[in-house]
Every structure is written in C-alpha cells, then in structure tokens.
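Listed below, chain by chain, are the residues.
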Amino acid sequence: MEKAHNSFNKNGHIPTSPRNIPPPAVSNDDASDNHLHHYTADEANRISEDVDRFISVISAIDDKSSSSLPEVPDFIKTYSEIIESRITRSRKNVAGDDDDELFFIESVRRISRLTNALSEFSSDARVTPPLNQTSVALQRAMVFLEEEFRSLLEDSTSEWDPQNAQNIQKFSSFNSKSQQEYSDRCAAQREIDTAHSSSVEYPAYSPEDVDKMHEIATTMISAGYETECCQVYYISRRNAIRNQMNKLELEVLLNMDDVVRMPWETLEAEIARWINVVKTCSETIFPGEKRLGEWVFNDHPEIRRSLISNILRAVVIQLLDFAEATSMAKRSADKLFRYLDMYDALQKLIGSISGESYSDELTAEVTAAVDRIGESAVCIFCDLENSIKSDAAKVPVPGGAVHPLTRYMMNYLKYTCEYKDTLESIFAKHTEPDKKYTPPPPPTTTTTASLSSNDLERESDSPHNFETVASTTPFSMQVVMVMDLLDANLEQKSRLYKDPSLRCVFLMNNGRYILQKVKGSPEIRQVMGDIWCRRRSTVVRQYHKNYQRETWNRVLQCLSHDGLLVNGKANKPLLKERFKIFTNTFDEIHRTQSAWMVSDEQLQSELRISVSAVVIPAYRSFVGRFRQYLDSGKQADKYIKYQPEDIETLIEGLFEGSITSMARRKT
C-alpha cells in the first residue's frame, strides 16, 4: 500500500488529497476509528507536518479575503478524523503507548491552531466545511480532555493516608507508563519535592499524573477552554479538601454565637481541635495544594494564583470565623495561653498562603484575624494589673508563708514568658511606642524604715526600678510593671502582720520565691536580667537582716554582761533574772516561730545557720563565764534550762510550720 501522505510539491503547491489512496469502505459508526488503522505512526507524523506547513502558510497571509486563501487540502479532514478516532479508541479502553498519548496532545494543540487560523477566513465559503470539521474535532477533544482531567484529579485522592501514600494505585484513560517528554519540564522541581516526600504526601498524585494534568491544562487553556479547565480543577480540589476537613472534623466547628456563649472548659477543647486543623492546613494541605497548582498551571501564573486562592478561601474563612468568635468571648487571664497558641497557629497559616501563588487579599484577611487575636492577648495580659490591684486580702497568710497571689502570678509569668517571642511581636505592634513606664512609689513600712543609709541607696536601685531590667521592649516593660505591682501588693499585705519579725519572714519568703522563679526560668530571667536578680537578692538579704535584728537582738540583750559584775563580785539576783529572761524569751520565740513557714529549704537553712551563729556563741560564752557564780547542783539547773547544744537543736526546729495547717508546700 502506498503511503497516505500529503506533502508540498517542489513548486510549493499543497496537494488536496492523499496520493493514489482511495478512501476505505467503512460503516459510519466506526469510520474514524477504522480509517486511522490505515496509517502508521510515520504516516500520521508526516500528515502532522503537512498541517503545520499549511498553518504557517495561511497564517502568513496578511490579506484575509477569500481570494488570497489557497485551496484547503484534503488532509485537513483526514487529520480531524485521526483525532476523533483517537478519542473513540480511548473511550473503548483501547490501550495506546506513550508516543500515542504524546501525539494526541500535540495533535489537539495543532488542530486548535488550525481552527484559529481557518476562522480568520470565515468569509470564504470554501473554509466552512473544513472549519466545521476541525471545530467539531476540537470540541470533542476538549470534552475528552476535560473528562481525563477530572479523572486524574479525582481518582486516587478520595482517601489520603500519609503512611500508604506511596502505595496508592492510579487509573486513567492515559496509561501509567512514564512520560519522559512530559516530565523533563518539571524534573528539577521534582528532585526538590522528592527530598521532602517522606514528610509530605498530600495530595497523593504520582509525578506522571501531575505531568499529564499539566499538559491537559496547558492544552485546554491554549485552545480557549480556560473556564472549563478551571471549573473542573476547582471543583475537584475543593471536594478533596472538604473530605480532609471532614476527617479533621472542621465541618462541625460551631458558629460564632455558640462560641461566644460556650463555657471556657468546652471552648478550650474546641480551640485545641481548631489549632490542630490549622496546623494540618499550614503544614500539609495548603502547601500540597500550592505545589499541585504550581505544577499543573506552571505556564499560567495568574490562573494559578486565582485558582489556589479560591480553593483555599472557603477553608480559611471558616477557620477565621472561629478565631474571630473566640476573640469576642469574655476575656480572662486563663485564656491568654490558648490565645497565644491561636496567634502562633495563624502566623504559620500566613506563611503557608504567602507568595506569588496566592492573592494578597487572602493573606490580608488572615493578617487581620491575627491582629484581633493579638489585641485580645495584649488586653488579657494588661488586665493582670487590675487583678493584682484588686487582690486586697484582709487576713494574713498563716506563718508568713508564700502568698497564693505570689505563686499564681509568678507561675503565670513563667508560662507567659515561654511565649516571649510571640508576645514581644504582639506588644510591639499593639502598644504605644512612646508610652513611659512609671514605677509605683517605694514602700514606707517599718521593714524599709529600719534600713541603713547604704541599704536605702541600694534599695533605690532595687528591682522596683525599671532601669534594672535587661530589656526595654514594650512586653518587658509590662512584665516589670506586673512585678512592681506585685511587690507593692505584698508590702501592703505584710502590714497585716502585727509582729515585725513575722512581717520580715513574709516578705523574705515571697521575695525569695519570686527570685527563685526568675532564676529557674530562662525566659523570665532573659526579660529581667542578671542585675535585677542581684539586686533582688540584696533586698531579700535585707529582709533577713531585719528579721534577725527584730527577733534575736532582744535575746542577745539578755546575754549582756553589763551590771553582772560589781567590783569583781557577781550580782546574783540580776544574774538569775538574766538566765530566767533568756529562757522565757527563747521559749516564746521557739514556740511561736516553729509554726512559721519558710518553704524554701535553702532559705530555711540559711536562717537557722545565721541564728545559730549569733545566739549559740553568745550563750555559750555567757554560760561559761557566769555558771560558776550560781550555787552548784540543782540551783544551777533551775536557772540554766538549756545547754548550748540544746539551743542549737531547738533552732533547727524553727520555720517548720504547724502540723495541722502549715505543712511544707511544694514550689
């Protein structure tokens, strides 16, 4: 059989029909399909070359009148039949090879160009039959490609499982063999994505299928079927994301009214679930949609940007509705950390939808939601000032122990400073940059009135002053304000104690607790700084000195030698009175201060050691010098109740707290 090939002759004339090949006798139903079987791949390729040359010839004609158009060759009809036959065979599941698939895509693009070129001569009656033929073939091809596009998008993605994504089997009217011609364009990008495939397997498409989608999308858009192409892609990907949201239970997120009225315990659980959904969207779903859109619509950035943004918008809006409703709920201190978690989650969401593949409008909507959450967080943290000021207890804590307000505020600040970077960013954006911090006035209680001039100078540079902290950012200023208000509140509470010694123990306990919390939290320490810690230690040591002076000076006065020896003779009545007063005073102190609580073991030990260092040597010296002046035997034991070793043992029992109400507290 001679080759059915139309080519330009040496004179440039375009033959109008295949040479010496009569048309086959076939039925109408299978005409195109059987006709194609008469042509080998080489023959089909040569016809394609003829079509290309014909397109070049008529495209170069400036005068689009009928007189300038050459005769339309017969191979145009043949070429239309080849395309329709390929569609028929595919719908009958007649397998083709990779070259056949590539030839079909190229043929559809070629007949699209041919149809466009012929349409410019539509006023020529000779063009009507071939133009109708190519238009019908093109339309059938577009319908077929639309079906293939939908099949590729929807097949294999109904169930996404990251653990089994590598094993998902795919089916399409295209066969699943590698298409080297399709994949060369994206080879470099695929190498990058493959490196991350172990952690990200969404959406679950093979590289070959993605390449096919790209070729189909490019072909449909170039043929003027952009709307159909985008509609199929949008609906398929929207449904795929909706399935994922159903798995994450996003679809059952409550409306704004329900959120606002919801008890905090219930809402907190909903927020945790919401954060999990946002994290999955930010880390998996949205980046996956971006990668897929960039591959499929690589040649059409504007279409890609619009599609990806519209696909993700519905999910983003639903997430933002919940966030906005949460920010409208009644504010309280215990909600701060969940708000900060939401803020961080939305910040990551912004990162996942930023870039040239997304619309600026979508990013702006999320940014606005982030700002609202940030404003709520700032208001909650700043409300700590009112919480401290309103805590005006009228009953002192038993035993001078650490006040519950101190424990709550320091633990709260510890957890808050774990979000330091987030809060620094929020406060920098939502507070006045020129706002000047003014610390509260220094306390004027007896505990500070008894300080020496040097101590007062150090106290003026104490942690109560803002300049001692390491950072001057808006957030750091707010933390310092809270700390200063807490100090002022504790000074007020110390006045509830009538015993000056117990007042000192109370301030010492709370001051030490605050210092240890700051030292034990790198985040708070970073805010407050080492200078603040050193000066806080100075203040606590001063409380220690004040306690020792208030309590044990009167004990030491009992052990004074003044007036006990007159002209070398002992004043026995006065000596006996001194021993009696010492014993009664020490018993009273021991009985009282054994019930006082010092929960910090190191501070407790330091107190006992310092008391022993002052009292025991003085008592040992007093007993050693004056015991001889008392009558021996029972009379000496009557006035000398304790030996120095006994005093040391009793001092070790101080600050343990009462058995019933002052058990050792955990810090």
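Not measured: the values here are computed from a predicted model.

As a further point, take the overall build of the protein. For the protein, the count of helices and strands is 26 helices and 2 strands. Buried residues in the protein amount to 49% of all 667 residues. If you take every contact in the protein between residues at least 6 apart in sequence, the share linking residues at least 24 apart comes to 81%. Of the roughly 31,800 Å² that the protein leaves accessible, carbon and sulfur atoms contribute 49%.

Another point: a nonpolar patch on the surface. There is a patch of nonpolar side chains on the surface, built from Met256, Val260 and Met328 and spanning about 240 Å² of accessible area. Along the polypeptide, Val260 turns up in helix α10 (residues 256–261). Residue classification places Val260 among the partly exposed residues on the basis of a relative accessible area of 37%.

Moving on, we get to unusual backbone geometry. Unlike most non-glycine residues, Phe655 shows phi in positive territory, near 65 degrees. Position of Phe655 among the secondary structure elements: in the segment after α26 (644–651). The class of Phe655 is buried, set by a relative accessible area of 0%.

The next point concerns a positive patch on the surface. Taken together, the side chains of Lys519, Arg541, Lys545 and Arg549 define a basic patch exposed on the protein surface. Considering each element in turn, the positive patch owes the most residues, 3 residues, to helix α22 (residues 522–558). In this fold, Arg541 is placed in helix α22. Given a relative accessible area of 48%, Arg541 falls into the partly exposed group.

Core analysis: the biggest nonpolar cluster contains 176 residues, and Phe149, Trp274, Phe297, Leu346 and Tyr547 have the highest contact counts within it. Top contributing element to this core by residue count: helix α11 (residues 264–296), with 13 residues. Contacts of Phe149, omitting those with residues within four sequence positions, involve Met213, Ile216, Ala217, Cys229, Val232, Tyr233, Val296 and Phe297.

With that out of the way, let us pick up a negative patch on the surface. Among the surface-exposed residues, Glu645, Asp646, Glu648 and Glu652 lie close enough to one another that they form a single negatively charged patch. In this fold, Glu648 is placed in helix α26.

Moving on to the pattern of salt bridges. Applying the stated rule across the entire model yields 23 salt bridges. Salt-bridge contacts for Glu268 lead to Arg338; the nearest nitrogen and oxygen are separated by 3.9 Å. Taken together, the positions of Glu268 in helix α11 and Arg338 in helix α13 (residues 336–352) put the pair 70 residues apart, joining distant regions of the chain. Taking the shortest distance from any N to any O, the salt bridge between Arg512 and Glu606 comes out at 3.3 Å. Of this pair, Arg512 sits in helix α21 (residues 500–520) while Glu606 sits in helix α24 (residues 601–626), placing them 94 residues apart in sequence. With a relative accessible area of 9%, Arg512 lands in the buried category. Among the charged side chains, a salt-bridge network with shared partners connects Glu268, Arg338 and Asp341.

So, on to the environment of Tyr639. Among the structural elements, Tyr639 can be located in helix α25 (residues 634–639). Separated by 12 residues in the primary sequence, Tyr639 and Arg627 place their C-alpha atoms 9.4 Å from one another. Beyond its immediate sequence surroundings of up to four residues, Tyr639 is in contact with Lys576, Phe579, Thr583 and Leu630.

Turning to the packing of aromatic side chains, a few remarks are in order. Throughout the structure, instances matching the rule amount to 19 aromatic pairs. Seen from their ring centres, Trp274 and Phe322 are 5.9 Å apart, and the 25 degrees between their planes marks the pair as stacked. Of this pair, Trp274 sits in helix α11 while Phe322 sits in helix α12 (residues 301–328), placing them 48 residues apart in sequence. Judged by its relative accessible area of 0%, Trp274 is buried. Here Phe322 falls in the buried class, since its relative accessible area comes to 2%. Judged by centre distance (6.1 Å) and plane angle (45 degrees), the rings of Trp552 and Phe586 are tilted.

With 22 residues, helix α9 (residues 226–247) should reach 32 Å at 1.5 Å per residue; the first-to-last C-alpha distance of 32 Å fits that figure. Turning to α9, its buried residues number three or more, namely Cys229, Cys230, Val232, Tyr233, Ser236, Arg237, Ala240, Ile241, Gln244 and Met245. Contact partners of the buried residues in α9: α5 (128–154), α8 (207–222), α11 and α12. Phi for Glu249, located one or two positions after α9, is positive at around 65 degrees.

An α-helical segment advances 3.6 residues per turn. Residues three or four places apart therefore align on the same side. In this model helix α2 (residues 41–59) runs 27 Å from its N-terminal to its C-terminal C-alpha over 19 residues, within 8% of the 27 Å that 1.5 Å per residue would give. Glu43, Ala44, Ile47, Ser48, Asp50, Val51, Phe54, Ile55 and Ile58 are the residues of α2 that are buried. Looking straight down α2, one finds that the buried residues subtend no more than 160 degrees of arc, so they occupy a single side.

Contact geometry of helix α20 (residues 474–494) with α21 gives a least axis separation of 9 Å together with a crossing angle of 160 degrees. Classed by the angle they form, the pair α20 and α21 counts as roughly antiparallel. For the element pair α20 and α21, the recorded crossing hand is right-handed. Residues Met483, Leu486, Asp487, Leu490, Glu491, Lys493 and Ser494 of α20 form the contact with α21, whose own contacting residues are Arg503, Phe506, Leu507, Asn510, Ile514 and Val518. Its residues placed into classes, the contact of α20 with α21 shows 7 nonpolar, 2 polar and 4 charged.

We now examine the environment of Pro301. For Pro301, the position within the fold is in helix α12. Among the residues examined, Pro301 registers a relative accessible area of 37% and is labelled partly exposed. Sequence-wise, Pro301 and Tyr358 are 57 residues apart; in three dimensions their C-alpha atoms are separated by 9.9 Å.

The subject of this paragraph is the confidence of the model for the protein. Considering every residue of the protein, the mean pLDDT works out to 78; 76% of them sit at 70 or more. The model gives residues 1–37 a pLDDT under 50, and that stretch makes 67 contacts with residues more than four places away or in other chains. Note on residues 162–200: pLDDT under 50 across the span, and 63 contacts to partners over four residues away in sequence or across chains.

Turning next to the side chain of Ser501. For Ser501, the position within the fold is in helix α21. One polar contact links Ser501 to Thr551, side chain to side chain, over a distance of 2.6 Å. In contact with Ser501, other than residues within four places in its own chain, are Tyr547, Glu550, Thr551, Gln593 and Trp596.

In this section: the state of the cysteines. Per the counting criterion, the structure on display carries 0 disulfides. Counting only cysteine sulfurs, Cys379 is the nearest neighbor of Cys382, a cysteine outside any disulfide, at a range of 6.9 Å.

Mapping Thr406 onto the fold places it in helix α16 (residues 404–417). In contact with Thr406, not counting residues within four places along its chain, are Leu486, Leu490, Asn510, Tyr513 and Ile514. A polar side-chain atom of Thr406 sits 2.6 Å from a polar atom in the side chain of Asn510.

Cut-offs applied
- Throughout, a residue's number is its position along its own chain's written sequence, starting from 1.
- Only residues with pLDDT of 70 or above have their local features reported here, since the model is predicted, and side-chain atom pairs are shown and tallied only from 80 upward, although totals for entire chains, interfaces and linings are computed over all residues.
- Remark: hydrogens and water are excluded; side-chain values derive from all non-hydrogen atoms of the structure.
- Helix numbers and strand numbers start at the N terminus; a helix is a DSSP run of H or I with at least 4 residues, a strand a run of E with at least 2.
- Burial classes follow relative accessibility: with a 1.4 Å probe on protein chains only, a residue under 20% of its type's maximum area counts as buried, one over 50% as exposed, and anything between as partly exposed.
- Residue contacts are defined here by distance: any two heavy atoms, one from each residue, within 4.5 Å place the two residues in contact.
- To measure how exposed things are, a 1.4 Å probe is used in the Shrake-Rupley method; for residues, cover is taken only from the protein chains shown.
- Residues enter patches when they are more than 30% accessible in relative terms and free of salt bridges; like-charged ones are connected within 9 Å and nonpolar ones (Val, Leu, Ile, Met, Phe, Trp, Tyr) within 5 Å.
- Should a side-chain nitrogen of Lys or Arg be within 4 Å of a carboxyl oxygen of Asp or Glu, the pair is scored as a salt bridge.
- Neither His nor the chain termini are counted; the positive set is Lys and Arg, and the negative set is Asp and Glu.
- To locate a charge, the coordinates of NZ of Lys, CZ of Arg, CG of Asp or CD of Glu are taken.
- Here the nonpolar core consists of buried residues drawn from Ala, Val, Leu, Ile, Met, Phe, Trp, Tyr and Cys, with membership extended through side-chain atoms lying within 4.5 Å.
- We call Phe, Tyr and Trp rings a pair once their centres come within 6.5 Å, taking the six-membered ring for Trp, and we label the pair stacked below 30 degrees between planes, edge-to-face above 60, and tilted otherwise.
- Each residue after the first adds 1.5 Å to the expected span of a helix.
- The directions from the helix axis to the C-beta atoms form the arc being described.
- To obtain an axis, a line is fitted to C-alpha atoms, over the contacting stretch when the element is a helix, and the angle between two such axes runs from 0 to 180 degrees between their N-to-C directions.
- Any angle between 65 and 115 degrees counts as roughly perpendicular, while under 35 counts as roughly parallel, over 145 as roughly antiparallel, and the rest as oblique.
- Two helices cross in a left-handed way if the nearer one is turned anticlockwise from the farther one by less than a right angle. They cross in a right-handed way if the turn is clockwise.
- Polar here means any residue outside two lists: the nonpolar Ala, Val, Leu, Ile, Met, Phe, Trp, Tyr, Cys and Pro, and the charged Asp, Glu, Lys and Arg; Gly therefore counts as polar.
- How sure the predictor is of each residue is captured by pLDDT, a score from 0 to 100.
- Between N or O atoms, a polar contact is any pair within 3.5 Å; within protein, one atom must be a potential hydrogen donor and the other a potential acceptor, and residues adjacent in sequence are included only when both atoms are from side chains.
- What counts as a disulfide here is a pair of cysteine sulfur atoms lying within 2.5 Å.

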